[in-house]
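Chain by chain, the residues:
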Amino acid sequence: MTSPARPPGAGEPLHRGQLTGTAADVAPTLLHKVLVAGERSGRIVEVEAYEGGDDPASHAFRGRTPRNGIMFGPAGHLYVYFTYGMHWCANVVCGSRGEARAVLVRALVPLTGLEAMRGARPAATRDRDLCNGPAKLCQALGITGADNGLDLLAGDSAIMLLDDGVPPPRTPGNGPRVGISVATERRMRWWVENEPCVSR
DNA sequence: CTTTGGATCGTCT
DNA sequence: GACGATCCAAAGG
């Protein structure tokens, strides 16, 4: 009995219990999970952990504000923020309620909806440049502030986080986070080694 | 190939 | 009023 090949971008939503640990615990487990936005989807190949009140680099370090409120809610929701006057970035909220931990999704391998992604990102000359950065992948998938707070684990959400059976790498790359000026000694960035779609 | 600086505006001090 | 959890084009080697 041969089962048919699973369509690209298909899978089951993660269980919320998989996201209740610290951001540093959860982040590397999200490698190879699939982020889906309508017909567009990609496999996560680079992430960063932000630990809320324990982490000077986190948006939640100085407490709850109108912008970061979603981070203080339940795990599995999407935290989208606007930065540098023009870019959106997407996080998966994790930890327990009130802890404001989150994992920034930094890069994807495009799986489906490539034509829509190319249309959304005319600056990308190669397909590997469609989603190889936190703001690029939001542009490619059409994620904006309007999506802030969505439940990524609900079957009817416009944006979902799926497990299609591909396990995380046994030994991911690990190093300092990108683009921050504090807590730079913490090695809380993880990526899939030898993967062309990783940023930088 | 690497380095540099401009774009652009919401958010918090 | 200052500063980004960034990207890209242009300039330089």
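Residues numbered from 1 in each chain as written. Chains lettered and ligands numbered in written order. Predicted model: local features only at pLDDT ≥ 70, side-chain atom pairs only at ≥ 80, totals over all residues. Heavy atoms only, no water.

**Notes on the protein's contact with DNA strand C**
Near DNA strand C, the surroundings consist of 21 residues, among which His59, Tyr81, His87, Asn91 and Lys136 are the closest. Within 4 Å of the protein, the atoms of DNA strand C are drawn from sugar and phosphate moieties in a proportion of 52%. Between DNA strand C and His87 there is a distance of 2.8 Å, counted from a base oxygen to a side-chain nitrogen or oxygen. The element contributing the most residues to the surface near DNA strand C is helix H3 (residues 134-141), with 3 residues. The residue makeup of the surface near DNA strand C, split by class, is 11 nonpolar, 7 polar and 3 charged. (Near = heavy atom within 4 Å. Polar contact = N/O pair within 3.5 Å; in protein donor to acceptor, adjacent residues only side chain to side chain. Helix = DSSP H or I, 4+ residues; strand = E, 2+ residues; numbered from the N terminus. Nonpolar A, V, L, I, M, F, W, Y, C, P; charged D, E, K, R; others polar.)

**Details of the nonpolar core**
Counting 43 residues, the largest nonpolar core has Leu19, Leu30, Leu35 and Leu161 as its most contacted members. Core analysis: the next-biggest nonpolar cluster, separate from the first, contains 13 residues, Phe72, Tyr79, Ala100 and Ala135 among them. (Core = buried A, V, L, I, M, F, W, Y, C linked by side-chain atoms within 4.5 Å. Buried < 20%, exposed > 50% of the residue type's maximum accessible area, 1.4 Å probe, protein only.)

**Topic: the protein's contact with DNA strand B**
Inspection of the region around DNA strand B gives Arg62, Thr65, Pro66, Arg67, Phe82, Tyr84, Gly85 and Met86 as its neighbouring residues. In DNA strand B, the atoms that sit within 4 Å of the protein are 68% sugar and phosphate, with bases accounting for the remainder. Tyr84 is positioned with one of its backbone polar atoms (N or O) 2.6 Å from a base oxygen of DNA strand B.

**A word on the pattern of salt bridges**
The full count for this structure, using the stated rule, is 12 salt bridges. The shortest N-O distance in the salt bridge between Arg118 and Glu115 comes to 2.5 Å. Of this pair, Arg118 and Glu115 both sit in helix H2 (residues 114-120), 3 residues apart, which is roughly one turn of the helix. On the accessibility criterion, Arg118 (32% relative accessible area) is partly exposed. Given a relative accessible area of 60%, Glu115 falls into the exposed group. With a closest N to O distance of 2.8 Å, Arg118 and Asp127 form a salt bridge. The class for Asp127 is partly exposed, based on a relative accessible area of 35%. A single salt-bridge network, built from bridges that share partners, covers Glu46, Glu48, Arg106 and Arg189. (Salt bridge = Lys/Arg side-chain N within 4 Å of Asp/Glu carboxyl O.)

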